[in-house]
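If you want the building blocks of each chain, they are given just below.
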Amino acid sequence: MSEQSQAFTLFQAGQMPVWKPLEVAQPGPGEISVRIRACALNFADLLMIKGTYQDTPAPPFVLGLELAGDITACGEGVGFATGDRVAIYAGQGGLATHGTFQAARAIKLPDGVDYETGAALQIAYGTSHMALDYKAQLKPGERLVVTGAAGGVGLTAVEIGKIMGAEVIAIARGADKLAVAKAAGADHLIDADAPDIRDQIKALGGADVVYDAVGGPLYEPCFRATNPDGRYLLIGFAGGVPEMKPNHMLVKNITAIGFYWGAYYQFNPAPLRASLETLMTWADEGRITPHLSHRLPADQVEKGLDLLRTREATGKVVITF
């Protein structure tokens, strides 16, 4: 028996998605059907609407990368039961009342983690935890520089860096955003518009790891302030793609690390799942708390997307069902 879902569906790139009824089939082997309770919005949703995201499915498809809800039916061999509360990084399909998803992309929600938190922590916290732990192997006592430190992923990098025992230097634009980074645990604050970013980082001892979610003009001063044998994480290019000089990396023995979290589900899901399990435990223990700037009902999803488009949101925007 199929379920009826209301789904926020994109029919053509460049046009705004619309709510449409959608038949959701019973799950096959390795699949679960879910009554969706929350879906976190991401900047990638805006890029999908434009058709410019690297993983944009062919229209028509349902928007919404990360979600949480209750399992209503299970296919064979899934390791879950009807009624289990789960979070899922689906890549699409989250902005709907119901959906069927690959069970391999689901993780159980601990009792102390609500649906909104479960939906919201996957991409942002997952990106920062895997980048800092699995890729850069950040060690206690090392100095971590975070660009875009008040943004969606940058703020989680500040928080996780502190949990991992690093000394965190946060770079963000303006006193208000720097205050947000400080509240997340940053030890030192640098305004992104300062003319002497390199000198300020060097005066603090230089960077052992740089978590660069901005790129653009921030790349050069941060790279020049990176210590020999440092690691430079390329997370995003909100400020533009920088011009990198590999000969400078060679001379200073600096490792440049490109990192795209979602791709790990395709070629190596084990470390991603291990990371999410750690993060769910931390959330259950109260060690991390996603900053949800807006919780909106489904009929305000366009407002939620506008909050991302205009950069008015200071944390995650979550749609509830």
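Quantities reported herein were computed from a predicted structural model and do not represent experimental measurements.

What counts and how
- Residues numbered from 1 in each chain as written.
- Predicted model: local features only at pLDDT ≥ 70, side-chain atom pairs only at ≥ 80, totals over all residues.
- Heavy atoms only, no water.
- Helix = DSSP H or I, 4+ residues; strand = E, 2+ residues; numbered from the N terminus.
- Salt bridge = Lys/Arg side-chain N within 4 Å of Asp/Glu carboxyl O.
- Buried < 20%, exposed > 50% of the residue type's maximum accessible area, 1.4 Å probe, protein only.
- Core = buried A, V, L, I, M, F, W, Y, C linked by side-chain atoms within 4.5 Å.
- Contact = heavy atoms within 4.5 Å.
- Pairing = 2+ DSSP bridges.
- Right-handed = clockwise from strand over helix to strand, strands pointing away.
- Axes fitted to C-alpha atoms, helices over the stretch in contact; angles between N-to-C directions.
- Parallel < 35°, antiparallel > 145°, perpendicular 65-115°, else oblique.
- Nonpolar A, V, L, I, M, F, W, Y, C, P; charged D, E, K, R; others polar.
- Phe/Tyr/Trp six-rings, centres within 6.5 Å; stacked < 30°, edge-to-face > 60°.
- Expected span 1.5 Å × (residues − 1).

Caption draft 1: Local environment of unusual backbone geometry. Note that the residue after P59, namely P60, is joined by a cis bond; omega there is 0°. Positive phi outside glycine occurs at Q137, with the angle close to 50°. Within the secondary structure, Q137 sits in the loop between α2 (115–135) and β9 (143–147). Phi at N253 takes a positive value of approximately 55°, unusual for a residue other than glycine. Here N253 lies in the loop between α7 (246–252) and β14 (255–258).

Caption draft 2: Spotlight on the pattern of salt bridges. For the structure shown, the criterion picks out nine salt bridges. Here R37 ties to D70 by a salt bridge, and the two come within 2.8 Å at their closest N and O atoms. Of this pair, R37 sits in strand β3 (residues 31–40) while D70 is found in strand β5 (residues 66–74), placing the two residues 33 residues apart along the sequence. On the basis of relative accessibility, which here comes to 13%, the residue D70 falls in the buried class. Note that R173 is salt-bridged to D193, the shortest N-O span being 2.9 Å. In this pair, R173 is assigned in the loop between β10 (167–172) and α4 (175–183) and D193 in the loop between β11 (188–191) and α5 (197–203), connecting sequence segments 20 residues apart. By relative accessible area, R173 is classed as partly exposed at 49%.

Caption draft 3: Just the nonpolar core, in detail. Counting residues in each nonpolar core, the largest one holds 72 residues, and the members touching the most others are L132, L144, Y211, L233 and W261. Per element, the largest residue contribution to this core is eight residues, and it comes from α2. What L144 contacts, discounting residues up to four positions off in sequence, is L132, L138, A157, G161, A166, E167, V168, I169, V209 and Y211. In terms of nonpolar packing, the next biggest core, distinct from the first, is built from 20 residues, F223, A225, Y232 and L234 among them.

Caption draft 4: Region of the structure containing the pairing of strand β16 (residues 316–320). β16 sits mainly inside the fold: four of its five residues count as buried. Where β3 meets β16, three bridges bridge the pair, whose relative direction is antiparallel. By the bridge assignment, A40 is partnered in β16 with V318. What joins strand β15 (residues 292–297) to β16 is helix α10 (residues 301–309), and the crossover it makes is right-handed.

Caption draft 5: Seen up close, the packing of helix α1 (residues 43–50) against α10. Packing of α1 against α10 leaves a shortest axis separation of 9 Å and a crossing angle of 100°. Judged by the inter-axis angle, α1 sits roughly perpendicular to α10. Contact residues: α1 offers F43, D45, L46 and I49, while α10 offers L305, L308 and R309. When its residues are assigned to classes, the contact of α1 with α10 shows five nonpolar, no polar and two charged.

Caption draft 6: View of the packing of aromatic side chains. The full count for this structure, using the stated rule, is 11 aromatic pairs. Note on Y219 and F223: the rings are 5.6 Å apart at their centroids and 20° apart in plane angle, and the pair reads as stacked. Here the residue Y219 and the residue F223 both occupy positions in helix α6 (residues 219–224), the gap between them amounting to four residues, near one helical turn. For the pair shown, Y219 and F223 are each scored as buried.

Caption draft 7: Inspection of helix α9 (residues 269–284) at higher detail. With 16 residues, α9 ought to run about 22 Å at 1.5 Å a step, and its terminal C-alpha atoms sit 22 Å apart, in line with that. For α9, the complete set of buried residues consists of P271, L272, S275, L276, L279, M280, W282 and A283. At the exit of α9 stands G286, carrying a positive phi of roughly 80°.

Caption draft 8: Inspection of the sheet that holds β9 at higher detail. With parallel pairing, the six strands of this open sheet are ordered in space as β11-β10-β9-β12-β13-β14. Of all the strands in the sheet, the pair left with one neighbour each is β11 and β14. On average, each strand axis in the sheet is tilted by 15° relative to the strand beside it, whichever way the strands run. Here α4 sits on the sheet in contact with β10 and β11, set at roughly 160° to β11.

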